[in-house]
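Structural characterization, general
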Amino acid sequence: MSYLEYSVKTVPTGLRKVLFLNWPLIVLLTSVAGVGFMMLYSVAGGSFSPWAEPQIKRFTLGLAVMVTVAMVPIWFWRNMSVAAYLATIVLLILVEFMGSVGMGAQRWIDLGFMRLQPSELMKVTLVMSLAAYYDWLPPKKLSRPFWVLLPVLAILLPTAMVLRQPDLGTSILLITGGAMVMFIAGVHWGYFAAVTTLFVGLVVAVFQSRDTSWQLLKDYQFRRIDTFLDPASDPLGAGYHITQSKIALGSGGWTGRGFMQGTQSRLNFLPEKHTDFIFTTLAEEFGFVGGISLLGLYALIIVFCVLAALANRDRFSSLMILGIASTFFLFFAVNMSMVMGLAPVVGVPLPLVSYGGSAMLVLMVAFGLIQSAHIHRPR
Amino acid sequence: MRRPNADSSESQRLLSRRAMLLGGVQLGFMGMLALRMRYLQVEQSDQFRLLAEENRVNIRLLPPARGEIFDRNGVALARNEPSYRITIVQEDAGDVDKVIERLSTLVELDEDSLNRAMAEMKRSAPFLPVTVADHVSWEEMSRVSVNAPALPGVTPEVGLSRQYPLQGDFAHVVGYVGPVSDYDLSKIANPDPLLRIPRFQIGKVGVEAKREGGLRGSAGTKRVEVNSVGRIMRELDRQEGDQGQDLQLTLDQNLQSYVQARLEGESAAAIVMDCRNGDLLAINSAPTFDPNLFVTGISVADYKALTDNKFRPLAAKSVQGTYPPGSTFKMITALAALEEGVFSSEDTVWCPGHLEVSDRRFHCWKRAGHGHMDLQKALRESCDVYFYEVALEIGIDKISTMAARLGLGVRHDIPLSGVARGLNPTRTWKEQVRGQNWVPGDTVNASIGQGFVLASPLQLAVMTARLASGLQINPRMVKSSNGVEEPVPEPAPLGLNENHLRQIRKAMFAVSNNRRGTAYGSRIVPEEFKLAGKTGTSQVRNITAAERAAGVTRNKDLPWERRDHALFVNFAPFDTPEIAVAVVVEHGGGGSTAAAPIARDITLQALYKGDPPLEAYPSRDRRKIKAQQERLRALMPDPQDVRGGTRT
């Protein structure tokens, strides 16, 4: 199916488009963001400042951005995707030179009114350009080595640059997100098997490189891996995050200690309680019930995205929706695994809930793209 | 608008299939996350809730009041005085410099402690109190309290501080406390958490250190809710600790203070003990120091003055110092000979003034010689040659065995720092330590307490008490702790022939009461209090042949460090011995002139339990003694003050 085969006239126009937005998805996104506001209010000790209020403003702005993006026909975005990808690469190169140094990593460009993290943007533009690529590529050539190598390079180039910053969390998201788009597009499964094998080899290599001249990761990244493997070995040092986060989760029990009653977060035992570790506060104050509810909301978002993708007969739209949904999935899956002690602490926020500007805006832009694909789907 | 390739239904189906597969995998992963959440939050909930509680609740220590120390009559030797200090909490003070400036107009703040406080403030969290002035007076304290509104963050606090009301008199016995140091902590394998309290005071020397365990008590606890940086949010509950145990020593404050005054000006040591049960009544070392200086932190100048003093005020010479016992050792040689049966008290030795032993000439202190000497005369007049002969006859083994039985070369078990073992030389000791064979000359030297023999004043007092009682008296210094009497072991008999002991005592009586005795000048007049003693003058240098040829140099003409040590041991009363006394005057010259008068004065003071009447002294000494009594009374603490510290 292609846009050539259906009448543009059947696509809603003007303000009528608002009626064709994927409203359940908007409700779900707002619910998740609402959980975030509540938790930010709680960790601030029952106060809208310093976190909840700016977060609400940002989300409102994000909603507006999402609707704006949704109003623009999806084919415009498709045609823009390669350009957007290249522009993001340029931005990534720029942060190498003029990015501010913060927390040992060069990650953002200060635009004055906000800090732009090109690596956040890259998560979306990469998915878009891959979707556009596979939309363009004839299915026969899908698994030919040359046509596989091209997107692989397109993924590895930004990943390598992000890893240099160094930002392990985003690199993992980029590589996995990109691979998922390739998988959905139908690249032969043998490639994935081969890459998985290679990855295992790489992990071994990374560990072998430790304390040698060609060490592949920074020392603090090695330490994070160490403490992930055995958090009890250093309960007050690097293992502190994981240990305290597990205590917070565990002490929540079935129904939690009640709103604003979590001792772990309120007494500051939790690090990064308003950003990466915000899930622990939720789990402590609302218990298993609260945690599973948020997970359920996330699952519904994924389900709605997959349904929207399956219902959309435009190949670019389907691929893009699934790619964005997968990236979104990776966000919360990595974050939750991290706070539950299933993955090393790599610094991935909980999407829409963690406090943070550029991550939320980029996500809202991405959902705007999904909405655009939904509105402008072939009928 | 370009639509380059028709979307074949085949690739559409592949996409759907893969999308479902990936979606399924993602949902599966979420299911796993849910299971993990269930595991942590439901199955392990109890364990983690406990951990969260431990996190939240912090246990704070409540330091116990240190046990106080009293003498045998309940006079306070070490007590806790309320002390006032001023603390500042940075975050309450706001502008710390300004507050301190205002504070300095009210209280005298010294530069050192102020700098230390500033450094501490930089290090510690802003909500923790930092001491800026310690040991401030009550007046300063009130001034600060009155002006509290102008001094935000400043809190006057009351604590307990150790105080030694008798100052130097008990410095070597009671010791002193001081803030716990890193060095102290490094010595303890598993330190009491109390010791981690900044500036917590622990015993450093003496009873304070040796009985630290009981005196310290155990900490109480208070449970508080804290946040992750340790700020106290609220108190949950508290449990009071156990106060430290009060100690009562066997020492007699009045006697101890008297002895300290009597030793004034000398570098000397004295021990008085009850020769019936071993209770130590006085343990003195002169000169002394004020232990209170150490509690607040002694200044560098004061400390240097103490360490530079050649009389070594910091040393507890009565238990730590070891000296050649000189002639006070002769009782041991004599007793060994009597017990061995080779000499009887009637056997005589000819003293020509010297004895040749393996081509070496050993002199008697009396160059002209004593003539015919039997045991009584030899001890009374302290003839050296008699004991040379006796010792060569019985050998060193018998002598050192006897010395050990009388407590020489034994570390007596009393709770003081550095109690000396002394040295009771034997053949094996010399072989092992010196790598040399024992030669007859060594025996000759040992027989009169010279050569290798070393004994502390405490050991000499124990020896005298054992001679006087015939029992294996062991010294005891702690009478009771927290009102519970410390056990007094029934002393076992020495197992010596009572007849032999009686002869030794008789000879000692003659030393002090026979006109020819070496300590006749220091006799006691009243029949019921007569003392029996023995002088000792121990060389600290070798007298060369050239010196001897030029005539023995008199002590007075020698530099202080090279003069002889003067010793005297005695027990009294002779008929029913109650006390044993040992006095050592470092480089004091002759035992009879330097040590015996002191021992006599101490004995009388102990037996009369206060200043004796002048009639107790020989008539020609009385004027001098009267002046001395007045002089010493001025040196002793006012009895009124002392009674103020008495426990009711």
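Residues numbered from 1 in each chain as written. Chains lettered and ligands numbered in written order. Predicted model: local features only at pLDDT ≥ 70, side-chain atom pairs only at ≥ 80, totals over all residues. Heavy atoms only, no water.

Per an unreviewed UniProt entry, chain B goes by the name Peptidoglycan glycosyltransferase and belongs to Shimia gijangensis.

Put simply, the test is: UniProt positions are given in the numbering used here, feature names are shortened, and annotations may be inferred rather than shown by experiment.
You'll find chain A entered in an unreviewed UniProt entry as Peptidoglycan glycosyltransferase MrdB, with Shimia gijangensis given as the organism. Recorded in UniProt under Function (unreviewed entry), the annotation for chain A is "Peptidoglycan polymerase that is essential for cell wall elongation." The UniProt entry for chain A carries this comment under Pathway (unreviewed entry): "Cell wall biogenesis; peptidoglycan biosynthesis."

**Concerning the overall build of chain A**
The line we're drawing: Note on conventions: DSSP H or I runs of at least 4 residues are helices, E runs of at least 2 residues are strands, and numbering of each starts at the N terminus. Working rule for contacts: check all heavy atoms of both residues, and any pair within 4.5 Å makes them a contact. Note on areas: Shrake-Rupley with a 1.4 Å probe; residue coverage comes only from the protein chains shown.
Tallying secondary structure elements over chain A gives 13 helices and 3 strands in all. In chain A, once contacts between residues fewer than 6 apart in sequence are set aside, the share between residues at least 24 apart is 72%. Just so you have it, chain A exposes about 15100 Å², and 71% of that area is on carbon and sulfur atoms.

**With respect to the domain arrangement of chain B**
Residues and elements named next belong to chain B. Selection criterion: The domain boundaries here were taken from an automatic or database domain assignment. Once two parts are put together, the accessible area they lose, assessed with a 1.4 Å probe and summed over both, is termed the buried area. Salt bridges, as used here, are contacts in which a Lys or Arg side-chain nitrogen is within 4 Å of a carboxyl oxygen on Asp or Glu. Ten residue types, Ala, Val, Leu, Ile, Met, Phe, Trp, Tyr, Cys and Pro, are classed as nonpolar, four, Asp, Glu, Lys and Arg, as charged, and the remainder, Gly among them, as polar.
Splitting chain B by domain gives domain 1 (56-75 + 166-249), domain 2 (80-160) and domain 3 (253-295 + 316-480 + 487-644). Counting residues at the interface gives 25 residues for domain 1, matched by 27 residues for domain 3. Buried surface at the junction of domain 1 and domain 3, summed over both partners, amounts to about 2400 Å²; 62% is from carbon and sulfur atoms. The tally of links between domain 1 and domain 3 comes to 1 salt bridge. A salt bridge links Asp279 to Arg72; the shortest N-O distance between them is 3.7 Å. Taken together, the residues that form the side of domain 1 that touches domain 3 break down as 11 nonpolar, 8 polar and 6 charged.

**Quick look at the packing of helix α11 (residues 253-263) of chain B against helix α24 (residues 591-608) of chain B**
Residue and element names in this part refer to chain B. Applicable threshold: Structural elements are reduced to axes, namely lines fitted to C-alpha atoms, with helices fitted over the stretch in contact, and the angle between N-to-C directions of any two is expressed from 0 to 180 degrees. Here is the rule for angles: anything less than 35 degrees is roughly parallel, anything more than 145 is roughly antiparallel, 65 through 115 is roughly perpendicular, and the remaining ranges are oblique. Whether a crossing is left-handed or right-handed is set by the direction in which the near helix is turned from the far one by less than a right angle, anticlockwise for left-handed and clockwise for right-handed.
Closest axis-to-axis distance for the α11/α24 pair is 10 Å, and the angle between their directions is 160 degrees. Comparing their axes, α24 and α11 come out roughly antiparallel. Crossing of α11 against α24: the hand is right-handed. Contact with α11, carried on its side by Asn254, Leu255, Tyr258, Val259, Arg262 and Leu263, involves Pro597, Ile598, Asp601, Ile602, Gln605 and Ala606 of α24 and no other residues of that element. Broken down by class, the residue content of the contact of α11 with α24 amounts to 8 nonpolar, 2 polar and 2 charged.

**A short note on the UniProt feature "transmembrane region" (unreviewed entry) in chain B**
In this numbering, the UniProt entry assigns the feature "transmembrane region" (unreviewed entry) to residues 20-39 of chain B. Regarding residues 20-39 of chain B, the helix share stands at 100% and the strand share at 0%, and the terminal C-alpha atoms are separated by 28 Å.

**Structural notes on the sheet that holds strand β20 (residues 565-572) of chain B**
All names here are of chain B. The condition is simple: We treat two strands as partners when DSSP finds at least two bridges between them.
Ordered by their spatial adjacency, 5 strands build an open sheet running β12-β11-β21-β20-β19, and the pairing between neighbours is antiparallel. Sheet topology places β12 (280-286) and β19 (532-538) at the edges, where each strand pairs with a single neighbour. The average undirected angle you get between the axes of adjacent strands in this sheet is 5 degrees. Relative to β20, β19 is paired through 7 bridges, and the arrangement is antiparallel. Across the sheet, Gly536 pairs through a bridge with Leu567, a residue of β20. The sheet contacts of helix α22 (residues 498-513) involve β19 and β20, and relative to β19 the element is tilted by about 75 degrees. Here α24 sits on the sheet in contact with β11 (268-274), β19, β20 and β21 (579-585), set at roughly 145 degrees to β21.

**Quick word on the interface of chain A and chain B**
Rules: A 3.5 Å cut-off defines polar contacts: any pair of N or O atoms within that distance qualifies, except that in protein one atom must be a possible hydrogen donor and the other a possible acceptor, and neighbouring residues in sequence count only when both atoms are side-chain atoms.
Contacts between chain A and chain B engage 63 residues on the former and 43 residues on the latter. Summed over both sides, the interface of chain A with chain B buries roughly 4700 Å², with 67% coming from carbon and sulfur. Our count for the chain A to chain B interface comes out at 7 residue pairs in polar contact (both at pLDDT 80 or more). For the side of chain A that touches chain B, the secondary-structure elements that each account for two or more residues are α3 (74-98), α4 (118-136), α6 (168-185), α7 (189-209), α9 (240-252), α10 (263-266), α11 (278-311) and α12 (315-339) of chain A. Its residues assigned to classes, the side of chain A that touches chain B shows 38 nonpolar, 18 polar and 7 charged.

**Concerning the packing of helix α15 (residues 330-340) of chain B against helix α18 (residues 396-405) of chain B**
Residues and elements named next belong to chain B. Running from amino to carboxyl end, α15 crosses α18 at an angle of 110 degrees, the nearest separation of the two axes being 9 Å. Compared by their axis directions, α15 and α18 come out roughly perpendicular. Note that α15 runs across α18; the crossing there is right-handed. Counting all contacts with α15, which are made through Ile332, Thr333, Leu335, Ala336, Glu339 and Glu340, the residues of α18 involved are Lys398, Ile399, Met402 and Ala403. For the contact of α15 with α18, the per-class residue count stands at 6 nonpolar, 1 polar and 3 charged.

**As for the state of the cysteines**
What counts is decided by this rule: Put simply, a disulfide is two cysteine sulfurs that come within 2.5 Å.
All chains considered together, the criterion is met by 0 disulfides over all chains. Cysteine Cys351 of chain B is unpaired, with the sulfur of Cys383 of chain B as its nearest cysteine sulfur at 3.6 Å.

**So, the nonpolar core**
Short version of the rule: In these notes, a set of buried Ala, Val, Leu, Ile, Met, Phe, Trp, Tyr and Cys residues joined through side-chain atoms within 4.5 Å is what counts as a nonpolar core. When a residue's accessible area, from a 1.4 Å probe over protein chains only, is under 20% of the maximum for its type it is buried; when over 50% it is exposed; and in between it is partly exposed.
Among the nonpolar cores identified, the biggest contains 117 residues, and Phe279, Leu294, Met320 and Phe367 of chain A are the most heavily contacted of them. By residue number, the principal contributor to this core is α12 of chain A, which donates 17 residues. In this structure, Leu294 of chain A is in contact with Val32, Val35, Phe279, Leu282, Met336, Leu350 and Val353 of chain A, ignoring residues within four places of it in sequence. Core analysis: the next-biggest nonpolar cluster, separate from the first, contains 99 residues, Ala316, Ala446, Leu458 and Ala532 of chain B among them.

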